[in-house]
Amino acid sequence: MFHNKRKTIGLFNCNSDGEYQREISVGAAEQAAELGYNLAIFTCYGNYEQNLLYTQGERDIYDLPDYSEFTGIIVATDTFENKDGLEKVLNNIQASAHCPVVSLRQKREGMSNILVDNISSMGGMIRHVIECHKAKDIAFMTGRRENADAIARLESFYQVMEEYGLPVSEHRVYWGDFWRNEGKNACDWFLEEGKCPDAIICANDDMAMAVIDELYKRNLRVPQDVIVTGYDGSVSGMIYSPSVTTVSVNFEDMAKKAVNLIDKHQNDEETEDVYVTVELKPRESCGCQEENYTSIVYYRCLNHVQIVEQDNLQKQFCFMNIQFGGVEKFENMHPIIQQYIYNIEGLKNYTICLREDILMDEKEMHGYTDTMEARVVFHNRENQGNVRYEFDRHELIPKELASDEPQCYLFSPLHFQDECYGYEAYAYENPKDAGKLFIRWSMAIEDVIMNILVKSKMKRAIDELEVMYIQDVMTGLFNRRGFEKYARVQFMNARARDNMVCVIGIDMDGLKPINDIYGHHEGDSALRAVGYAIQEAAVSGQIGARIGGDEFEVLFPCLDEEDVKNWIRVFERSLDNYNKKSRKPYDVYASLGYKMGIPGAGDTLESFMRESDDIMYQNKVTNKMKRNQTLR
């Protein structure tokens, strides 16, 4: 992978914009670089509003690499909202991987595991609320029912409440979602008995913030009226007001330990479980305040700056999307990206890798092709221009981006619904930026690719309609409309430049008897023979057409009459050869006449056609008489 000789660790997660996902990416990137490994991070934005087609397009990214080439794999199993994505990763590992595999935060058999002792860590939080804040009526909001962490943290709650002899009624436990969607429902449940609990302990910070938001809507103050606590130690929980009392887990250190386990077990098949240390962080939401309160103020100020920057970033990417509106080809993307890519701070390399068959209408675009094409490339922040680097998809990036130093790339999918376009590849100067993705940016890239494909299909459809409009389907020549459209331009150019031009009128002889005696299908065959003869005699600049029934017209540039006579010889020889080889019960003949010369001011295409047709009809009569005499 990466066209260098270093071993590569794969990191797989989902919902890439989460704090946890970014922190484990940073930790893994730092430790992998320290030990000399490449790191390939495969991620996506997750399950958007339960859109199954979108979810299928997202999870294609997990089929991109060759799992047999990894020297180690880290899976953030609990980040996968859609279990099909996790199953895809686990199935690929089982089928192809021959390396140490580490699961983060969720215990998996057959893997090493980096775990948090949910029982003791959550127990410490509950004891703090009971002992330091004298809470007795305590409610607990846990996560999804199928989640192991949610179950373990709830078990800890029951154990500690029993230890202190505190009752737990039905309306003191609520199953949440580990996100911010259930705050209202949880508060409805906890308050249904008509009494507000002393404390609401939540199994993570996001649910805690959702509960606090809802309590304030109900004119209940935190912590004065009710204590609320969280878990995980997220930055968003620290800068929230009130800052959320939590259990802090060092996720960067967790990822570093995972890399160390991979390095430790390179030459054996042993697995082991490692537990990370946690720290209780009493803050404002329980009535406590950290000794170093200034750190919270600092992060709140920093967050305000980041919000302003993010707002500007989103505007910039919207403007980029507006400019993309006029793009019709892939090679027109990179100049616009160049104007805006500076907004992605710390970015070193950026590549848009597309399926090699992306412009082929007949292909179903699911998954990745074995050969990918890098169509937009920024290397060391420099635009590489209009490029088309082909590479084996299992190398992940084109060799033009190769480097002997340890590489760290983040890969995210590009798709519309379940149609796979390709993927983006990001590399940053500093491992601290390793997990950064920007959904508005990615959406703009996906939109412009979709627009290019739509416009390409529309152009092909218009071209096909144009061909149908100007082409004679039977012979493949132009029809009357096509001849008048293109021959007129060529004729006017010849007149403007004093160039010689020849117009030939051709009429097939004896079409009616062939139709009457042998059928119209044989008449059509005879007409195609004439059309083929016109094409076989073709010279540069020729425009040939069947303008109706058995009538044909040809226009081409010439230097002298010998050019015209040579054209006629080739045309007549083609018909003779057809008659000798066709084994038809009839012969195909055609009569022709021509007008050649340099068009004068009073000449038109129609006047040349009339003169050539007059001569053709004279020859037609003569040819008929000759054939009748031959038959006698």
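Above this note sits the structure.
Residues numbered from 1 in each chain as written. Predicted model: local features only at pLDDT ≥ 70, side-chain atom pairs only at ≥ 80, totals over all residues. Heavy atoms only, no water.

**Points about the sheet that holds strand β9 (residues 227-229)**
Strands sit in the order β7-β6-β8-β9 across an open sheet of 4 strands; the sheet is parallel. Looking at which strands have only one partner, the edges of the open sheet turn out to be β7 (173-175) and β9. With direction set aside, neighbouring strand axes in the sheet form an average angle of 15 degrees. Sheet topology places strand β6 (residues 138-142) next to β7; 3 bridges connect them, and they run parallel. Bridge pairing in β7 links Phe140 to Val173. Contacting β6 and β7, helix α5 (residues 148-163) runs over the sheet at an angle of about 165 degrees to β6. (Pairing = 2+ DSSP bridges. Helix = DSSP H or I, 4+ residues; strand = E, 2+ residues; numbered from the N terminus. Axes fitted to C-alpha atoms, helices over the stretch in contact; angles between N-to-C directions. Contact = heavy atoms within 4.5 Å.)

**Concerning a nonpolar patch on the surface**
On the surface, Val454, Met458 and Ile462 cluster together into a nonpolar patch covering about 280 Å² of accessible area. If you trace the backbone, Met458 turns up in helix α12 (residues 439-470). For Met458, a relative accessible area of 49% corresponds to the partly exposed category. (Patch = residues over 30% accessible without salt bridge, like charges linked within 9 Å, V, L, I, M, F, W, Y side chains within 5 Å. Areas by Shrake-Rupley, 256 points an atom, 1.4 Å probe, with all protein chains shown as cover. Salt bridge = Lys/Arg side-chain N within 4 Å of Asp/Glu carboxyl O. Buried < 20%, exposed > 50% of the residue type's maximum accessible area, 1.4 Å probe, protein only.)

**Concerning the packing of helix α4 (residues 118-133) against α5**
Axis separation between α4 and α5 bottoms out at 8 Å; the angle between their running directions is 45 degrees. Taken together, the axes of α4 and α5 are oblique relative to one another. For the pair α4 and α5, the sense of crossing is right-handed. On the side of α4, the interface is formed by Asn118, Ile119, Met122, Gly123, Ile126, Arg127 and Ile130, while α5 contributes Asp149, Ala152, Arg153, Glu155, Ser156, Phe157, Gln159, Val160, Met161 and Glu163. Tallied by class, residues from the contact of α4 with α5 come to 8 nonpolar, 4 polar and 5 charged. (Parallel < 35°, antiparallel > 145°, perpendicular 65-115°, else oblique. Left-handed = near helix turned anticlockwise from the far one by under 90°. Nonpolar A, V, L, I, M, F, W, Y, C, P; charged D, E, K, R; others polar.)

**Quick notes on the pairing of strand β2 (residues 38-42)**
In terms of burial, β2 is a largely internal element, 5 of the 5 residues being buried. The sheet contact formed by strand β1 (residues 8-12) and β2 spans 5 bridges and is parallel. Counted as the bridge partner of Leu11 is Ile41 from β2. Tracing the backbone out of β1, into helix α1 (residues 19-35) and back to the parallel element β2 gives a crossover that is right-handed. Pairing of β2 with strand β17 (residues 408-416) involves 4 bridges; the strand directions are parallel. Bridge pairing in β17 links Ile41 to Leu410. (Right-handed = clockwise from strand over helix to strand, strands pointing away.)

**Side note on empty space enclosed by the protein**
Applying the stated criterion to the full structure yields 3 cavities of 30 Å³ or more. Considering only enclosed or pocket space, the largest cavity measures out at about 70 Å³ in volume. Lining the largest cavity are Cys14, Cys44, Gly46, Asn47, Thr55, Glu58, Arg59, Tyr62, Phe80, Asn82 and Gly85. For the lining of the largest cavity, the leading source of residues is helix α2 (residues 52-59), giving 3 residues. Partitioned by chemical class, the residues of the lining of the largest cavity number 4 nonpolar, 5 polar and 2 charged. (1 Å grid on protein atoms, 1.4 Å probe; cavity = no way out; pocket = protein on both sides within 12 Å on 5 of 7 lines; lining within 4 Å. Points joined across faces, edges and corners; volume = space filled by probe spheres on them.)

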